[in-house]
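The lines below spell out each chain.
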Amino acid sequence: MTDSNKTPSGNGTGNGKDYKWVGTRAVRPDGVDKVTGRAKFGADLHLPNMLVGKVLRSPHAHAHIRSIDTSAAEALSGVKAVITRDDFSDQPKGAVQPAGEMTINYRDMVRNVMAREKALYEGHAIAAVAAVDARIAAKALSLIKVDFEVLPHVIDPVAAMESGAPIIQEDLMTEGMEQSPGAMTNIAKRVEFGHGDVAVGFAEADVVIEREFTTQPVHQAYIEPHACVASMTEDGQGELWLSTQGHYVARGHCATLLGLDVSKLRVQASEIGGGFGGKTVVYLEPLALALSRKACQPVKMAMTREEVFRATGPTSGAHLWVKVGATNDGRITAADAVLKYQAGAFPGSPVAQGAQCAFAPYELNHVRTIGYDILVNRAKVAAYRAPGAPIAEYATESVMDEIAGVIGMDPLEFRLKNAPKQGSQSSYGPKFPVIGCIETLEAARDHDHYQSPLKAGQGRGVATGYWFNIGGQTSATLNLSEDGSVALVLGTVDVGGTRASLSMMAAEELGIDLDKVRPMIGDTSALGYNMLTGGSRVTFAGGIAVVGAAQDLIGTLKDRAAKFWDIPVDDVEWAEGEARATNGYTDNMQPLSLQEIAKDMAKTGGPIVGAHSINAQGAGPSFGTHVVDVDVDRETGRVWVTRYTVVQDAGKAIHPSYVEGQYQGGAVQGIGWALNEEYIYDDKGRLENAGFLDYRVPVCSDVPMIDTVIVEVANPTHPYGVRGVGETPIVPPMAAISNALANALGIRFTDLPMSPPRVLAAIKAANGDATTAS
Amino acid sequence: MRYEAPQTVDQAISLLAGTHGNPRVLAGGTDLLVQLRAGFIDPELIVDIKQIDETTAITAEDGGFRVGAAVSGARLKEHDTLSLLWPGVVEAADLIGSTQIQGRASMGGNLCNASPAADTVPALIAAGATCALAGPGGRREVPVEEICTGPGQTILTDGEFVVSILLPARGSRSGDAYLRFIPRTEMDIAVVGVGVSLSLGADGQCSAARVAVGAVAPTALLVPAAAEALVGGVVDDAAIDAMAAAVRAVCRPIDDKRGTVAYRIEVAGVLAGRVCRIALERAGST
Ligand SMILES: Cc1cc2nc3c(=O)[nH]c(=O)nc-3n(C[C@H](O)[C@H](O)[C@H](O)COP(=O)(O)OP(=O)(O)OC[C@H]3O[C@@H](n4cnc5c(N)ncnc54)[C@H](O)[C@@H]3O)c2cc1C
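Predicted model, so just to flag it, every value in this text is computed and none were measured.

**Student:** Any chance you could break down the overall build of chain A for me, citing the residues and the numbers?
**Tutor:** Broken down by element type, chain A carries 21 helices and 28 strands. For a compact globule of 774 residues, the expected C-alpha radius of gyration is about 28 Å, and chain A comes in at 27 Å, within 12% of that figure. Projected onto the principal axes, the alpha-carbon positions of chain A cover approximately 90 × 75 × 50 Å. Across the 774 residues of chain A, 64% fall into the buried class. A sequence separation of at least 24 residues applies to 79% of the contacts in chain A between residues at least 6 apart. Within the structure as shown, chain A displays about 27,700 Å² of accessible surface, and the carbon and sulfur contribution to it stands at 49%. Distance between charge centroids for chain A: 4 Å, based on 68 positive and 89 negative side chains.

So this is what it looks like as structure tokens:
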């Protein structure tokens, strides 16, 4: 059954009725494997005759590649294949495809996986080898001679926009500019959103605040580095095992870059040790396939942590300008922002998403956001939870807090006064469907955390965040076994517990024990197409697909019961895991359980399968409000997060523990982003902190227990009311923490991270002591 | 690459002295293995010293303790009397890494790795600890502050290694302490570290003090001027401020990914004051 846009009407409808499985904290199906070390991640596959692949990376941030001489490496005993740019054919210009929350340009992708004309960032792949062991592979890399002509580089987005800046892509044309800049540029795109006339709005304001902010690029910092095993055979067929958020998407990318029929590649996703958006793209996989194609042996490749930092996508750093006007009674009259995002070496920063989300938590008459996508000599950015939104909303939510303070209004009351509701025109165009912005703000305001007094010296901050969430192409199948248990085959990688939540919806629909549903992620040949796990889409879109598959299965089960009883199928209903005869047949017919129908399926027509494939629409946008308390060591500038509460609209929490985990994880990543995480480059554009020692994500003891409040304003387009929950939680933390610091110290920070040296310098400056510079 | 685990100090010396190609001592390996895997070093021979009695024992000596160079942080912390005598040294060793690292990491390795930011080194220097070295030329006892000469550089000659570290006896009314500043709560490298050890006379005045600071110069520094600010008077706010100023005066850090010059100097003084107050309280309660 294929059905686009239509929501199957399941048992759910989010009407608050009691469910047997939905809303419970069921045991996760992947739990035992994960805690016992059985779970197989990207680097855990071992094949006979497997080679080890390694990548030679550019030591320069920007350089022409005059020549690459691989002859000595090829001559080394134990080396089975060497590849360079010459092993990939170029891709046509302008072939841009939307893919999840980002867009894909294959001409850029072929250059990103293997440098062609130029090395565009330190760590850019130049060549790769496959050898019988890692030592020989490393030795072979050292024998490759590359003739570089080093070029000036640029990292800062504002500097990259200036005339005379080093040009990263000579043939770049700015998209969306009214007029061509007339010269070569690093500005890949200009976007603008909004409505009304901000000049009119500012004229109505009693108070106007205008500020500039900077944020640093931050890495997704998944614990599992990229890893894959590729195996190509002499007849041009291939298999790929990899750690990814989307094996169908990876298959498409690899087939395109290698010039293969998509169906010639069979791709299987490993368990994933974190992705957060960073595993929606390919890096090693096309190289491993190309090496395997040359060697006709399987090739395993795994990045080191250092390679992950140098060569894989963080999200953008940015320069942001925000101006907001309000009346003295707390009505926002105008909001304006200019956002300049680093894209890395290829176009594609999430600036458009940032520009759309920047003022989304407000109902505004006059609003405008302008965004620029700017090339710099850094690894191409990749998606990172709610791509673009945390950066923009850090700046806008800081200004909202400040303006509330100036007019003397409680920051949550200020937000409530301006909050959007169903039917409000969003700051980026469309009218909002059913949303829970107000409910979330009220729950935060009424929470014990917000009501409780602060200790001396502490500060409290709040911020609200918004993310769209998405639907997309999804397939699911339920295969009924002969004993009545069910195999649920999914094509969406389980990043955040979706095997649990999707099987819970299947069990709920079928009216059977959760234990009778065994969920698994099929390979790319097992199901129709599945978009990747991203955009907080899987419990939403996957849920619709699974409910549809269950309804399909129930339809067949009713048919079989009708056949068995020899009554019209319309007189059969499905309830509590059994077929029941209705309309006068009730007395004569004993209900038929799922097990009974399964046992006799050969007699009633053969195997029983329920399937559903959709392109899910109507994702429910999600708002969250965070409340955070901080303490500051005023002599060292060290900030302690002492209490943290996340309040967010989930629509419906299918598995509350997983929802809470998403809320907590977003807050923790945001704490790192706010306080310590940054990329440090030397004057040659080389990264100095390519490791977890000096790229400081929080450790467990750095964060308090993160409290969570799940607000449930059902999304009417989902059978159980689900919205996405995975991304919104990372949007508010940076502003919330900055607002808390402003509350504690009376100092407004405008640069991330708010690291100890920066905080101490600001404290000293505020005290009129200039001896400590940051 | 060859791996050997000799049973005696002399066997270790002959292995170390007899091999070309940069032989390396292996204690806990928490620095060495990281450096090996990162490709920073490529030694011909690795000499594991954990099978030697002298490098793995903690023994009482003249009212103090001699700690084998390869004794792990976890074992050090379990030693009750040593922890009572030199709590600052033990807390410095305990800061290293995580529970897993603690099972391996040694003070000898921390010292010989010669990182300017090594946590136990300022605490050991403040404690007045000395090292027993053994090499082809015989044995010698050297103050800890003389071991490191620069980042990754020591006075150890070819074939020579650290056998043990002596934490000396000390009188009553003495206390020591160590604090470091890191932006996180653990698993980080000191931006600044300060160790203070002091003793009080019967009159409550400071009779002896040693102050050392790490991560603000190519090696950890003993700061005699800081000690002088304390000795001979009551350790009050003014004395502590003077001591902190003396610490700041010797700092010559670099700007790097872990902190700026100005920040490190500022925080060195802040920590020195805090550490001094802890040491003072400990001295007053013994
Ligand atoms: C995750 C992690 C966290 C860490 N955290 C900290 C921290 O918080 N603070 C800190 O200071 N350090 C830290 N370290 C570094 C390291 O753990 C310490 O320096 C530790 O004390 C080293 O001791 P080891 O016994 O493991 O030394 P090894 O790795 O065995 O040796 C270190 C070096 O010293 C040499 N060596 C060892 N013993 C001797 C000897 N007896 N004579 C001569 N040379 C010798 C070795 O050849 C090697 O060059 C951390 C390391 C890791 C991996």
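**Student:** Any chance you could break down the site of the ligand for me, citing the residues and the numbers?
**Tutor:** All names here are of chain B. Close to the ligand lie 31 residues; Val-25, Thr-30, Asp-31, Ser-106 and Asp-119 are nearest. Gly-97 places a main-chain nitrogen or oxygen 3.0 Å from a nitrogen atom of the ligand. One nitrogen or oxygen atom from the main chain of Val-162 is found 2.8 Å from a nitrogen atom belonging to the ligand. Calculation on the ligand without its partners gives an accessible area of 980 Å², and the protein chains cover 89% of this total. Mapped onto the shell around the ligand, the elements with two or more residues apiece are β2 (24-26), α8 (107-112) and β10 (161-167). With 4 residues, the top contributor of residues to the shell around the ligand is α8. Each of domain 1 (2-167) and domain 2 (174-285) contributes no fewer than three residues to the shell around the ligand.

**Student:** So what about the interface of chain B and chain A? Which residues, and what values?
**Tutor:** Facing the 18 residues of chain B at the interface are 26 residues of chain A. Between chain B and chain A, roughly 2,000 Å² of surface is buried when both sides are summed, and carbon and sulfur atoms account for 53% of that area. Contact with chain A buries area across many residues of chain B, yet Arg-184, Lys-257 and Tyr-263 of chain B alone supply 33% of it, more than any other trio. At the boundary of chain B and chain A, one finds 6 salt bridges. Salt-bridge contacts for Arg-274 of chain B lead to Glu-635 of chain A; the nearest nitrogen and oxygen are separated by 2.8 Å. Where chain B meets chain A, there are 16 residue pairs in polar contact (both at pLDDT 80 or more). A class-by-class count of the residues in the side of chain B that touches chain A yields 9 nonpolar, 2 polar and 7 charged.

**Student:** So what's going on with the environment of Ile-147 of chain B? Which residues, and what values?
**Tutor:** Residue and element names in this part refer to chain B. Within the element layout of this structure, Ile-147 appears in the loop between β7 (138-143) and β8 (148-150). Residue Ile-147 is classed as buried on the basis of its relative accessible area of 0%. The spacing of Ile-147 and Ala-226 is 79 residues in sequence and 21 Å in space, taken between C-alpha atoms. Discounting chain neighbours no more than four positions away, the residues touching Ile-147 are Leu-111, Cys-131, Leu-133, Val-142, Gln-153, Thr-154 and Ile-155.

**Student:** Give me the side chain of Arg-560 of chain A: which residues, what numbers.
**Tutor:** All names here are of chain A. Within the fold, Arg-560 resides in helix α16 (residues 538-565). No salt bridge forms around the buried Arg-560; measuring N to O, its nearest opposite-charge neighbour Asp-559 is 6.5 Å away. The residues touching Arg-560, leaving out its near neighbours within four places in the chain, are Ile-597, Met-601, Thr-604, Gly-605, Gly-606, Pro-607 and Ile-608.

**Student:** Break down the sheet that holds strand β2 (residues 63-69) of chain A for me, citing the residues and quoting the values.
**Tutor:** Taken in spatial order, the 3 strands of this open sheet run β6-β2-β8 (chain A), and their pairing is antiparallel. Only two strands of the sheet have a single neighbouring strand rather than two, namely β6 (118-119) and β8 (145-150) of chain A.

**Student:** Before we move on, can you summarise the domain arrangement of chain A with the specific residues and values?
**Tutor:** Interfaces are often sized by the amount of accessible area the parts lose when they come together. Residue and element names in this part refer to chain A. For chain A, the assigned domains are domain 1 (31-39 + 471-616), domain 2 (152-432) and domain 3 (436-467 + 620-774). The straight-line distance from the C-alpha centre of domain 1 to that of domain 3 is 40 Å. Domain 1 puts 15 residues into the contact, and the matching count from domain 3 is 15 residues. Counting the surface lost from both domain 1 and domain 3, the interface buries some 1,200 Å², and carbon and sulfur atoms represent 68% of this. One can count 0 salt bridges joining domain 1 with domain 3.

**Student:** Please set out the confidence of the model for chain A residue by residue, giving values where relevant.
**Tutor:** Of the residues in chain A, 96% have a pLDDT of 70 or more, and the chain-wide mean is 95. Across residues 1-6 of chain A the pLDDT falls below 50, and counting only partners more than four positions away or on other chains, this stretch makes 12 contacts in the model.

**Student:** Got a sec to walk through unusual backbone geometry? Specific residues and values, please.
**Tutor:** All names here are of chain A. With an omega of -5 degrees, the peptide bond between Leu-752 and Pro-753 qualifies as cis. Looking at the element boundaries, Pro-753 is found in the loop between α20 (733-745) and α21 (756-766). One non-glycine residue, Phe-276, adopts positive backbone phi at about 55 degrees. As for its placement among the helices and strands, Phe-276 is situated in the loop between β13 (265-269) and α8 (284-295). Relative accessible area serves as the criterion here: at 28%, Phe-276 is assigned to the partly exposed category.

The rules we used
- Residues numbered from 1 in each chain as written.
- Chains lettered and ligands numbered in written order.
- Predicted model: local features only at pLDDT ≥ 70, side-chain atom pairs only at ≥ 80, totals over all residues.
- Heavy atoms only, no water.
- Helix = DSSP H or I, 4+ residues; strand = E, 2+ residues; numbered from the N terminus.
- Rg over C-alpha atoms; globule rule 2.2 N^0.38 Å.
- Buried < 20%, exposed > 50% of the residue type's maximum accessible area, 1.4 Å probe, protein only.
- Contact = heavy atoms within 4.5 Å.
- Areas by Shrake-Rupley, 256 points an atom, 1.4 Å probe, with all protein chains shown as cover.
- Lys, Arg positive; Asp, Glu negative; His and termini not counted.
- Charge placed at Lys NZ, Arg CZ, Asp CG, Glu CD.
- Near = heavy atom within 4 Å.
- Polar contact = N/O pair within 3.5 Å; in protein donor to acceptor, adjacent residues only side chain to side chain.
- Domains from an automatic or database assignment.
- Buried area = accessible area lost by both parts, 1.4 Å probe.
- Salt bridge = Lys/Arg side-chain N within 4 Å of Asp/Glu carboxyl O.
- Nonpolar A, V, L, I, M, F, W, Y, C, P; charged D, E, K, R; others polar.
- Pairing = 2+ DSSP bridges.
- pLDDT = per-residue confidence, 0-100.

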